[in-house]
Amino acid sequence: MRSTALLRRAGPLLLLVLLLGLLSLLVPDFMGVRNMRGLLLSVTLVGTIAATMMLVLAMREVDLSVGSIVALSGVLAAVAISATGSIALGVLAGLAGGALVGLFNGLVVAGLKVNSLIVTLATMEVVRGLAFLVSGGESVAIPVQGFYALGSGSFLGVNWPIWAMIASFVAFGVLLNRTVFGRNILAIGGNPEAARLAGVPITRIRIVVFTLQ
């Protein structure tokens, strides 16, 4: 039984290793540094989002609005940078916009006890419309060249978006598995009523998790 449980947990990783081995044999230079860097860069956005989605799923909730939040955050950042010329203000505007949408999701889900699937499906459409309104329905150019170094720059030969994804995996992995806050998230996902009786602040934790997402 223990071996079966271990295989179930390690199954996706073993499948990934097998797939990488097969592709390395069939595709020339598949395991080359340049190709590996390109593959990692192609999944950095999804990977970074998945780091906090892990917390949402651990509570047995779901957030369908993340794609629209990414669009809104990007548009807000671009508009702020174009208006002020400050990369820092643009990044903060994007993060703040995303956090506010997450806070709204958390307040409705945790405070009003509405199913997260329904809430985030609705906010997905609303936020997509907000992104369209903020941009005026047009692409927004970023005139500050230094901004592009966030994507093209590197450290130790690894691009900054990859480092951001790795940092997200580590930070939120530790948060979920090595902190009281993480254990409370798992308790809510396991049995919300038992967690409530144990004194876990369920409403507050749900709001925080959706805001982080």
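What counts, and where the lines are drawn
- Residues numbered from 1 in each chain as written.
- Predicted model: local features only at pLDDT ≥ 70, side-chain atom pairs only at ≥ 80, totals over all residues.
- Heavy atoms only, no water.
- Phe/Tyr/Trp six-rings, centres within 6.5 Å; stacked < 30°, edge-to-face > 60°.
- Buried < 20%, exposed > 50% of the residue type's maximum accessible area, 1.4 Å probe, protein only.
- Axes fitted to C-alpha atoms, helices over the stretch in contact; angles between N-to-C directions.
- Helix = DSSP H or I, 4+ residues; strand = E, 2+ residues; numbered from the N terminus.
- Parallel < 35°, antiparallel > 145°, perpendicular 65-115°, else oblique.
- Left-handed = near helix turned anticlockwise from the far one by under 90°.
- Contact = heavy atoms within 4.5 Å.
- Nonpolar A, V, L, I, M, F, W, Y, C, P; charged D, E, K, R; others polar.

Undergrad: Would you mind going over the packing of aromatic side chains with me for this structure?
TA: Each aromatic ring pair is described using two quantities: the centre-to-centre distance and the angle formed by the ring planes. Considering all chains together, one arrives at 3 aromatic pairs under this definition. Taken together, a centroid distance of 5.8 Å and an interplanar angle of 80 degrees make the contact between Phe147 and Tyr148 edge-to-face. Residue class for Tyr148 comes out partly exposed when judged on its relative accessible area of 41%. Each ring, one from Phe155 and one from Trp163, has its centre 6.0 Å from the other, and the planes form 55 degrees; the classification is tilted. Judged by relative accessible area, which is 43%, Phe155 ranks as partly exposed. Three or more aromatic residues link up through ring pairs in this structure, and these residues are Phe155, Trp160 and Trp163.

Undergrad: Please clarify how the packing of helix H2 (residues 33–58) against helix H10 (residues 202–212) should be interpreted in this entry.
TA: Interaxial distance between H2 and H10 falls to 9 Å at its minimum, and their mutual angle equals 155 degrees. The orientation of H2 relative to H10 falls into the category roughly antiparallel. When the axes of H2 and H10 are compared, the crossing they make is left-handed. Of the residues in H10, those in contact with Thr52, Leu55 and Val56 of H2 are Val209, Phe210 and Leu212. Grouping the constituent residues of the contact of H2 with H10 by class yields 5 nonpolar, 1 polar and no charged.

Any functional reading would require information that these geometric values do not contain.
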